[in-house]
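A structural walkthrough
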Amino acid sequence: MTDQYAKATAAADHIRTHTPLQPALGIILGSGLGNFASQVEQAVTIPYAEIPHFPQSTVAGHSGKLILGTIAGVPVAVMQGRVHAYEGYSMEQVTFPARVLGLLGVRKLLVTNAAGGINPRYGQGAIVAISDHINLTGTNAALGPNEPRFAVAPGAGQRFFDMSAAYSPALRKLAIDEAARQGWMLNEGVYLAVLGPSYETPAEIRAFRTLGADLVGMSTVHEVIAARHMGIEVLGLSVVTNMAAGVLDQPINHEEVMEIGRRIEGQFTHLLTALIPQL
Ligand code: HPA
């Protein structure tokens, strides 16, 4: 894809023909978490296929719709389904939706994903706030010519940009405090991203634990890098859908990943609907 900015502008212009709503918060729903989109009030739903240049997800559990509306009075843009580098998409395509959200007015981004649990303190179904990431995908969202016009905040849009508070400590604290109010503990953890689509080997997971990873997954980091390039603040939440390879003596399958998403839906929805007006 060339001239991502022109294409993202065309996509944002198309979306604005459907609704005058200017979203303040973007939400990207990961595998098995798509049902949260039903929380959007006065929803305007646009299939990705209808949005110019928008990449299509090819994965089961990623339905491919953008939903604009409000949650607890907050104007939101919810991506039900995302695209991943392992599907064969370029970095420009993987980051395209995040770029469009920025052009639509989003200043805060809530990214969610399904992840394997490396930290043995997490159980299956745990919700974890991402404190930082390790990008081992071998590529970077900001690869290619720099595009300063994507900046939404003063000082953003630079060729080289800071990632030292990529996951906003302030937003994370709000999530941890809200979970505590709801009677449970939201753990924090480091998310390590691999390219996929194969799950990891037990030896890789042992290596990742040594590197300081608590969670492993195949998404999120590129969207977060693009968001930080633009100057958008990020809150990341992982759902531990399975323990990572070799942690338990059992194989990993995608159906299980989807099933756990459904199982924690109530808790996830309760946390997010209370949290969103605070972000
Ligand atoms: N590894 C990588 N990605 C994942 C996993 C995993 O174990 N579970 C859900 N997404």
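Structural data are supplied above this passage.
Residues numbered from 1 in each chain as written. Predicted model: local features only at pLDDT ≥ 70, side-chain atom pairs only at ≥ 80, totals over all residues. Heavy atoms only, no water.

By size, the foremost hydrophobic cluster in this structure holds 44 residues, and its most contacted members are Ile15, Leu66, Val100 and Leu215. When residues in this core are grouped by element, the largest group, six residues, is from helix H5 (residues 221–230). Those residues in contact with valine 100 that sit more than four places away from it in its chain are Ala8, Ala11, Ala12, Ile15 and Phe54. By size, the runner-up hydrophobic cluster in this structure holds 31 residues, among which are Ile67, Ile71, Val78 and Ile260. (Core = buried A, V, L, I, M, F, W, Y, C linked by side-chain atoms within 4.5 Å. Buried < 20%, exposed > 50% of the residue type's maximum accessible area, 1.4 Å probe, protein only. Helix = DSSP H or I, 4+ residues; strand = E, 2+ residues; numbered from the N terminus. Contact = heavy atoms within 4.5 Å.)

Before going further, it helps to spend a moment on the side chain of asparagine 242. Relative to the elements of secondary structure, asparagine 242 occurs in strand E9 (residues 233–243). On the accessibility criterion, asparagine 242 (5% relative accessible area) is buried. Once residues within four sequence positions are removed from consideration, asparagine 242 is found in contact with Ala115, Gly116, Gly117, Gln124, Ile252, Glu256 and Val257.

Bringing the pattern of salt bridges into the picture now. The full count for this structure, using the stated rule, is seven salt bridges. Note that arginine 16 and aspartate 13 form a salt bridge whose closest N and O atoms lie 2.9 Å from each other. One end of the pair is arginine 16 and the other is aspartate 13, both in helix H1 (residues 4–18) and three residues apart, which spans about a single turn. (Salt bridge = Lys/Arg side-chain N within 4 Å of Asp/Glu carboxyl O.)

In this section: the layout of surface pockets. Taken as a whole, the largest pocket spans an internal volume of roughly 330 Å³. Every residue lining the largest pocket is counted, 25 residues in all, and those nearest its centre are Ser31, Ala114, Tyr199, Met218 and Val257. Take the lining of the largest pocket: its biggest share by element is four residues, from strand E5 (residues 108–117). Its residues assigned to classes, the lining of the largest pocket comprises 12 nonpolar, 11 polar and two charged. (1 Å grid on protein atoms, 1.4 Å probe; cavity = no way out; pocket = protein on both sides within 12 Å on 5 of 7 lines; lining within 4 Å. Points joined across faces, edges and corners; volume = space filled by probe spheres on them. Nonpolar A, V, L, I, M, F, W, Y, C, P; charged D, E, K, R; others polar.)

As enumerated under the stated definition, the model contains two cavities of 30 Å³ or more in all. Roughly 90 Å³ of volume is contained in the largest cavity. In terms of lining residues, the largest cavity is bounded by 15 residues, among which Ala85, Met218, Ser219, Thr220 and His222 are the most central. At three residues, the largest contribution of residues to the lining of the largest cavity is made by H5. Its residues placed into classes, the lining of the largest cavity shows eight nonpolar, five polar and two charged. Considered as a void within the structure, the second largest cavity measures approximately 40 Å³ in volume. Forming the boundary of the second largest cavity are Gln124, Asn242, Met243, Leu248, Gln250, Pro251, Ile252 and Glu256. Residues of the lining of the second largest cavity, tallied by class, amount to four nonpolar, three polar and one charged.

With that settled, consider the packing of aromatic side chains. A full pass over the atoms with the stated rule returns four aromatic pairs. Ring centres of tyrosine 48 and phenylalanine 54 lie 4.7 Å apart, and the angle between their planes is 45°; on these two criteria the pair is classed as tilted. Across this residue pair, the class does not change: tyrosine 48 and phenylalanine 54 are buried. Geometrically, the ring pair formed by phenylalanine 54 and phenylalanine 96 is edge-to-face, given 5.8 Å between the ring centres and 80° between the ring planes. Residue phenylalanine 54 is found in the loop between strand E2 (41–47) and strand E3 (65–71), and its partner phenylalanine 96 is found in helix H2 (residues 91–104); the two are separated by 42 residues along the sequence. In this structure phenylalanine 96 comes out as buried when scored by relative accessible area, which is 0%. Sitting above the plane of the phenylalanine 150 ring, arginine 99 keeps its charged end 4.5 Å from the centroid. (Phe/Tyr/Trp six-rings, centres within 6.5 Å; stacked < 30°, edge-to-face > 60°. Lys NZ or Arg CZ within 6 Å of the ring centre and 35° of its normal.)

Here we come to the pairing of E5. In terms of residue burial, E5 counts as a mostly covered element, since nine of its 10 residues are buried. Both strand E1 (residues 25–29) and E5 contribute to a ladder of four bridges, which runs parallel. Within the sheet, the bridge partner assigned to isoleucine 27 lies in E5 and is leucine 110. One ladder, built from 10 bridges, connects E5 with E9; its direction is parallel. The residue of E9 that forms the bridge with alanine 114 is valine 239. (Pairing = 2+ DSSP bridges.)

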